[in-house]
Amino acid sequence: MSCVARLYQKIEDSFFLVVGTKTCGYFPQNALGVTIFAEPRYAMAESEEGDISAQSNDQEELEKICLRIKSDRNPSVIIWIGTCTTEIIKMDLEGIAPKLERRIGIPIVVARANGLDYAFTQGEDTVLAAMAHRCPEYKRCETDQKSRGGTERVEIHATSSNKSISQTSELAKSNLVIFGSLPSGVASQLNSELKRQSIFVSGWLPSQKYNELPGLGQGVYVCGVNPFLSRTATTLMRRRKCQLIGAPFPIGPDGTRAWIEKICSVFNVKPDGLEERESQIWKNVEDYTQVVSGKSVFFTGDNLLEISIARFLIRCGMIVYEIGIPYMDRRYQAAELSFLQHTCKKMETPLPRIVEKPDNYSQVQRMHELKPHLAITGMAHANPLEARNIDTKWSVEFTFAQIHGSSNARDILELVTRPLRCRGSLASGSPSLSRQTAES
Ligand code: SF4
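Residues numbered from 1 in each chain as written. Predicted model: local features only at pLDDT ≥ 70, side-chain atom pairs only at ≥ 80, totals over all residues. Heavy atoms only, no water.

Caption draft 1: Geometry of the overall build of the protein. On a plain count of helices and strands, the protein comes out with 22 helices and 13 strands. A buried classification covers 51% of the 440 residues belonging to the protein. In the protein, of all internal contacts separated by at least 6 residues, the share reaching a separation of at least 24 is 72%. As displayed, the protein has an accessible area near 20600 Å², and 50% of this comes from carbon and sulfur atoms. (Helix = DSSP H or I, 4+ residues; strand = E, 2+ residues; numbered from the N terminus. Buried < 20%, exposed > 50% of the residue type's maximum accessible area, 1.4 Å probe, protein only. Contact = heavy atoms within 4.5 Å. Areas by Shrake-Rupley, 256 points an atom, 1.4 Å probe, with all protein chains shown as cover.)

Below, the structure is given as structure tokens:
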């Protein structure tokens, strides 16, 4: 349910209502840090004794709360987040939502982002999968285009500066929807990277506003930006009949290039200047890669971004001992996994062991033996490991930092190298490489 933190900021006119107990309430209060003082657009519907023993009527209680949200904030959509409690007492959120939706006149989307079934970032996956059902049908646009027929094709061709692109593929290119919640700045960077290849993104799921959700349906290509969105991908394919582009994820300059190349191949576009762009970025981050090269890293597993980040770090010259990951969808991550293999071969390092649903206790034992230079881990283990002389980086930071697109490679390396540089400068007293170490 921590997805609420990312998503209420991304979907500007939304309101998130977490239906659960005080345990769930305490969690975001702590996890969201200072943002909870900025009147966030989320709230708890806190279950009481009466709700648990079914003495109160769930629908009436939720209606009261939603009416209050409507009068206070007037959002375009209310998203109910189901929790462990609603699962265990079998509260029928999906059944109540459509009735209340009609009564209060605001769309209600239900996502079961509970701790029983999902880990961390998978919460966003459940919300986006639920939202995919609310996207308008694409067919309408298709018939529009058909009815306008030839004239539109000519217009597009006339305005296009690149004469070599055929008219039909120009039309097909507008059917690309990207899914995954990214800060708007990063989303527009990816948009323009694709635009450079004459590929136009027709929409994002989620969009900035609920009413601007992209049209979905047969003939629409979808591509993910995050490795944890497998349910959304499945919903888009099976329920909305979209075509999934299975590509490595645009994390690091290598991942971004592979992501764009895959999209280009689907639309029959010859990628232009990607290789030069990638080598330019690698040159720009040379000061950082020198710090990490030859160092070893251990992922304990937390946010499902592990494979992509490990692949990028291997490309930077690091040795990855273990990739812990809470859940691994081998079909959705297939392209990323083969890219990882390819990267290991290229860098002549052994393929790291991938451990799904890891047992933290044994991981700590393994770390004790392997003595990695760096452990990327959750906050629960970070300080105890530091006390045992293993440098750590909090994995949660990768979830909130801007890590997508070629130009953000520096930000990932900034995060990874910070503990290593800190130790270096503490040991030698030497001046630091980065502005941020100077601050810390
Ligand atoms: S794990 Fe369950 S009870 Fe705990 S905060 Fe998450 S939803 Fe609530």
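Caption draft 2: Expanded view of the packing of aromatic side chains. Taken as a whole and judged by the stated rule, the model has three aromatic pairs. Seen in terms of ring centroids, Tyr221 and Phe267 are 5.1 Å apart; in terms of plane orientation they differ by 70°. Their pairing is edge-to-face. Residue Tyr221 is located in strand S7 (residues 221-224), and its partner Phe267 is located in the loop between helix H13 (252-266) and helix H14 (274-284); the two are separated by 46 residues in the primary sequence. Seen from their ring centres, Trp282 and Phe312 are 5.8 Å apart, and the 20° between their planes marks the pair as stacked. (Phe/Tyr/Trp six-rings, centres within 6.5 Å; stacked < 30°, edge-to-face > 60°.)

Caption draft 3: Summary view of the site of the ligand. With respect to spatial proximity, the complete set of residues near the ligand consists of Met1, Cys24, Thr83, Cys84 and Gly115. Its residues placed into classes, the shell around the ligand shows three nonpolar, two polar and no charged. (Near = heavy atom within 4 Å. Nonpolar A, V, L, I, M, F, W, Y, C, P; charged D, E, K, R; others polar.)

Caption draft 4: Quick look at the layout of surface pockets. Within this model, the second largest pocket holds a volume of roughly 340 Å³. In terms of lining residues, the second largest pocket is bounded by 18 residues, among which Glu94, Val110, Ala111, Ala130 and His133 are the most central. Ranked by residue count, the leading element in the lining of the second largest pocket is strand S4 (residues 108-112), at five residues. Viewed by domain, the lining of the second largest pocket spans two of them, domain 1 (2-117) and domain 2 (176-267), each represented by three or more residues. (1 Å grid on protein atoms, 1.4 Å probe; cavity = no way out; pocket = protein on both sides within 12 Å on 5 of 7 lines; lining within 4 Å. Points joined across faces, edges and corners; volume = space filled by probe spheres on them. Domains from an automatic or database assignment.)

Caption draft 5: Quick look at the sheet that holds strand S12 (residues 374-377). Taken together, five strands build an open sheet; the order of strands is S11-S10-S9-S12-S13 and the sheet is parallel. Unpaired on one side and paired on the other, strand S11 (353-356) and strand S13 (391-394) mark the two borders of the sheet. Ignoring which end each strand starts from, the neighbouring axes of this sheet average 20° apart. The pairing of strand S10 (residues 319-325) with S11 spans four bridges and is parallel. Residue pairing across strands places Ile325 opposite Glu356, the latter belonging to S11. (Pairing = 2+ DSSP bridges. Axes fitted to C-alpha atoms, helices over the stretch in contact; angles between N-to-C directions.)

Caption draft 6: A look at the environment of Glu356. Locating Glu356 in the fold gives a position in strand S11. Residues Glu356 and Pro326, 30 residues apart in the sequence, show an inter-C-alpha distance of 5.6 Å. Aside from chain neighbours lying at most four places away, what touches Glu356 is Ile325, Pro326, Tyr327 and Met328. At 3.0 Å, the side chain of Glu356 and the backbone nitrogen of Met328 are in polar contact. (Polar contact = N/O pair within 3.5 Å; in protein donor to acceptor, adjacent residues only side chain to side chain.)

Caption draft 7: Fine view of the pattern of salt bridges. For the coordinates displayed, the defined rule picks out 22 salt bridges. Across the salt bridge formed by Glu101 and Arg134, the nearest N and O atoms sit 3.1 Å from each other. Of this pair, Glu101 sits in helix H6 (residues 93-104) while Arg134 sits in the loop between helix H7 (122-132) and helix H8 (139-148); the two residues are 33 residues apart in sequence, bridging distant segments of the chain. Under the relative-accessibility criterion, Glu101 is labelled partly exposed at 23%. With its nearest N and O atoms 3.3 Å apart, the salt bridge here joins Arg240 to Glu137. With a gap of 103 residues between them, Arg240 in the loop between helix H12 (230-238) and strand S8 (243-244) and Glu137 in the loop between H7 and H8 connect regions that are remote in the sequence. Exposure remark for Arg240: the relative accessible area of 9% places this residue in the buried category. Among the ionic contacts, a cluster of salt bridges with common partners joins Glu87, Glu94 and Arg112. (Salt bridge = Lys/Arg side-chain N within 4 Å of Asp/Glu carboxyl O.)

Caption draft 8: Fine view of H6. In this model, H6 (12 residues) spans 16 Å end to end at C-alpha, consistent with the 16 Å of a helix rising 1.5 Å per residue. When we look at burial in H6, the residues that qualify are Leu93, Ile96, Ala97, Leu100 and Ile104. One side of H6 holds all its buried residues, which, seen down the axis, span an arc of 110°. Looking at the packing, one finds that the buried side of H6 touches strand S1 (14-20), helix H4 (58-73), strand S3 (77-82), helix H5 (84-88) and S4. (Expected span 1.5 Å × (residues − 1). Arc of directions from axis to C-beta.)

Caption draft 9: Examining the pairing of S1 more closely. In terms of residue burial, S1 counts as a mostly covered element, since seven of its seven residues are buried. Residues Ser14, Phe16, Val18 and Gly20 point to one face of S1 and Phe15, Leu17 and Val19 to the other, with burial holding for every one of them. Relative to S3, S1 is paired through six bridges, and the arrangement is parallel. For Phe16, the partnering residue across the bridge sits in S3 and is Ile79. Here S1 pairs with strand S2 (residues 42-46) via five bridges, running parallel. Counted as the bridge partner of Val19 is Ala45 from S2.

Caption draft 10: Quick peek at the packing of H4 against H6. Contact pair H4 / H6: the axes reach a minimum separation of 10 Å and the direction vectors enclose 45°. If you check the angle between H4 and H6, you find them oblique. For the element pair H4 and H6, the recorded crossing hand is right-handed. In contact with Asp58, Gln59, Leu62, Glu63, Cys66, Leu67 and Lys70 of H4, H6 contributes Leu93, Ile96, Lys99, Leu100, Arg103 and Ile104. When grouped by side-chain class, the residues that make up the contact of H4 with H6 number seven nonpolar, one polar and five charged. (Parallel < 35°, antiparallel > 145°, perpendicular 65-115°, else oblique. Left-handed = near helix turned anticlockwise from the far one by under 90°.)

Caption draft 11: Looking closely at the side chain of Lys10. Within the fold, Lys10 resides in helix H1 (residues 3-10). Summary of buried charges: Lys10 has no salt-bridge partner, and the nearest side chain of opposite charge, Glu12, is 7.8 Å away. The residues touching Lys10, leaving out its near neighbours within four places in the chain, are Ser181, Leu182, Pro183, Ser184, Pro206, Ser207 and Gln208. (Lys, Arg positive; Asp, Glu negative; His and termini not counted.)

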